[in-house]
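Single-letter residue listing:
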Amino acid sequence: MIRAPLRHLMLACMLLGTIATAQVVLAESGAEDERKAPSIGLALGSGGAGGLAHIAMLGVFDDLGIQPDRITGSSIGAVIGALYAAGLDAAAIEDVFDDFGGSNLDALSRMMRPNADLGLTDLLRLGVADGGLIDASGFLDFIAGKIEARDFADLKIPLEVVATDYWTGEMTILDSGDLFEAIEASMAVPGLFAPVKAGDKLLIDGGTSNPLPYDILTGRYDLIVAIDVSSTRKRVEGKDPSIIQMLFSTFEIMQQSIITSRRLNGDADIYVQPDTEGIRLLHFNRIDTILEQAKPAAEDLREQLVAHLGLET
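Remember, it's a predicted structure, so these values are computed and weren't measured experimentally. (Residues numbered from 1 in each chain as written. Predicted model: local features only at pLDDT ≥ 70, side-chain atom pairs only at ≥ 80, totals over all residues. Heavy atoms only, no water.)

So, on to the overall build of the protein chain. Counting secondary structure elements, the protein chain contains 11 helices and eight strands. Across the 313 residues of the protein chain, 48% fall into the buried class. Taking the contacts inside the protein chain whose residues are at least 6 apart along the sequence as the reference set, 76% of them involve residues at least 24 apart. A total of about 15,900 Å² of accessible surface is found on the protein chain, and carbon and sulfur atoms cover 53% of it. (Helix = DSSP H or I, 4+ residues; strand = E, 2+ residues; numbered from the N terminus. Buried < 20%, exposed > 50% of the residue type's maximum accessible area, 1.4 Å probe, protein only. Contact = heavy atoms within 4.5 Å. Areas by Shrake-Rupley, 256 points an atom, 1.4 Å probe, with all protein chains shown as cover.)

It is worth spelling out the pairing of strand 3 (residues 159-165) at this point. Of all seven residues making up strand 3, seven are buried, and the element is well covered by its neighbours. Alternating positions in strand 3 separate into two faces, Leu159, Val161, Ala163 and Asp165 on one and Glu160, Val162 and Thr164 on the other, with burial throughout. Of the strand pairs in this sheet, strand 2 (residues 70-74) and strand 3 are connected by four bridges, and their pairing is parallel. By the bridge assignment, isoleucine 71 is partnered in strand 3 with leucine 159. Bridge count for strand 3 against strand 4 (residues 171-174) is four bridges, and the pairing is antiparallel. Bridging across to strand 4, valine 162 finds its partner in isoleucine 173. Linking strand 3 back to strand 4 in an antiparallel pair, the connection comprises five residues, with glycine 169 at a positive phi of about 80 degrees. (Pairing = 2+ DSSP bridges.)

Here we come to unusual backbone geometry. Trans is the prevailing form of peptide bonds, just as negative phi is the prevailing case for residues other than glycine. Its identity as a non-glycine residue notwithstanding, serine 75 has a phi of 60 degrees, on the positive side. With respect to the helices and strands, the residue serine 75 is situated in the loop between strand 2 and helix 3 (76-85). By relative accessible area, which is 6% here, serine 75 ends up buried.

Next up on the list: the packing of aromatic side chains. For the structure shown, the criterion picks out four aromatic pairs. A centroid spacing of 5.0 Å and a plane angle of 65 degrees characterise the contact between phenylalanine 100 and phenylalanine 139, whose relative ring orientation is edge-to-face. In this pair, phenylalanine 100 sits in helix 4 (residues 90-100) while phenylalanine 139 sits in helix 7 (residues 137-144), placing the two residues 39 residues apart along the sequence. Across the pair, exposure class does not vary: phenylalanine 100 and phenylalanine 139 are buried alike. Aromatic side chains tyrosine 166 and tryptophan 167 sit 5.1 Å apart centroid to centroid with 75 degrees between the ring planes, which places their arrangement in the edge-to-face category. Residue placement shows arginine 263 over the ring face of tyrosine 271; its charged tip is 3.4 Å from the ring centre. (Phe/Tyr/Trp six-rings, centres within 6.5 Å; stacked < 30°, edge-to-face > 60°. Lys NZ or Arg CZ within 6 Å of the ring centre and 35° of its normal.)

So, about helix 4. Think of an α-helix as 3.6 residues a turn; residues three or four steps apart then line up on the same face. Listed as buried for helix 4 are Ala90, Ile93, Val96, Phe97 and Phe100. Buried residues along helix 4 cover an arc of 115 degrees about the axis, so they all sit on one side. For helix 4, the elements touching its buried residues are helix 2 (53-64), helix 3, helix 7 and helix 10 (287-293). (Arc of directions from axis to C-beta.)

Moving on: the environment of isoleucine 66. The topology assignment puts isoleucine 66 in the loop between helix 2 and strand 2. Relative accessible area serves as the criterion here: at 17%, isoleucine 66 is assigned to the buried category. Along the backbone, isoleucine 66 and isoleucine 40 are 26 residues apart, and their C-alpha atoms lie at a distance of 9.3 Å. Those residues in contact with isoleucine 66 that sit more than four places away from it in its chain are Ile40, Phe61, Tyr84, Leu305, Leu309 and Leu311.

Moving on, we get to helix 11 (residues 295-309). For helix 11, built from 15 residues, the straight-helix expectation of 21 Å at 1.5 Å per residue is met to within 8% by its first-to-last C-alpha distance of 21 Å. Those residues of helix 11 lying buried are Ala297, Ala298, Leu301, Leu305, Val306 and Leu309. Where helix 11 is buried, its residues touch strand 1 (40-44), helix 2, strand 7 (223-227) and strand 8 (270-272). The positive-phi residue at the C-terminal boundary of helix 11 is glycine 310, with phi of around 65 degrees. (Expected span 1.5 Å × (residues − 1).)

Here it is in structure tokens:
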């Protein structure tokens, strides 16, 4: 016969054991729930000024309180991806391009004005031997002044920047070393900006090989989000495109063909294409219009993220 004090002690031990087991189960359950949170890979595509629509998409991430685990970016996608990965939120990035668009630095937008005040000396600042018409250093210095990061290692979110090796035509992924050298290479539109030498490679715009680099995230993250900002064209009866429009639109058509081909081989989990109709490669001074046109796509992205992640709104 077990005496009362001993029986009480045994019951207390059993109770403590049950509580401890429950705590372990709850802890393991919480850890399992945390592990189940899908990792997110975000691809920001190439598309010139139309890529300012990326800002509206990043605003959705901010509003939902979620953050991609890695960003891949090509051309303008690399520029905006770097700003976001460095710690700027969407509103701050919008302010950056508000300051830039139409400024004296913005030779790009000035080229697209009907009565452009851009002189030949502005265009030929680099010289033909350098392979580009416009010096990108002013823009890069402007961007650099908005963030503290100078190296990929300084970024808060891992970033992979896509460029293209001119000699082989192959995609080159840049994810270490000098951040701004990588951005310069990724946005080096052939004939507009000079290519960037990197060892035995001559790097040009990432959009020439992979304008929407979601495929390099495949198999590495649970949820792949791709933002396609390649521009569209609308026929205007009785009006043919100008030489400059034809040149840049041909580049856009090439990028759209590459994206279409890659999507046939496997699509992103979430694919969103903001409306960039009427926005040409160099329309950086039209940020308000671009963001307004991007609102329906941003809402589409919000709904898909909520559904995929099981978020409450």
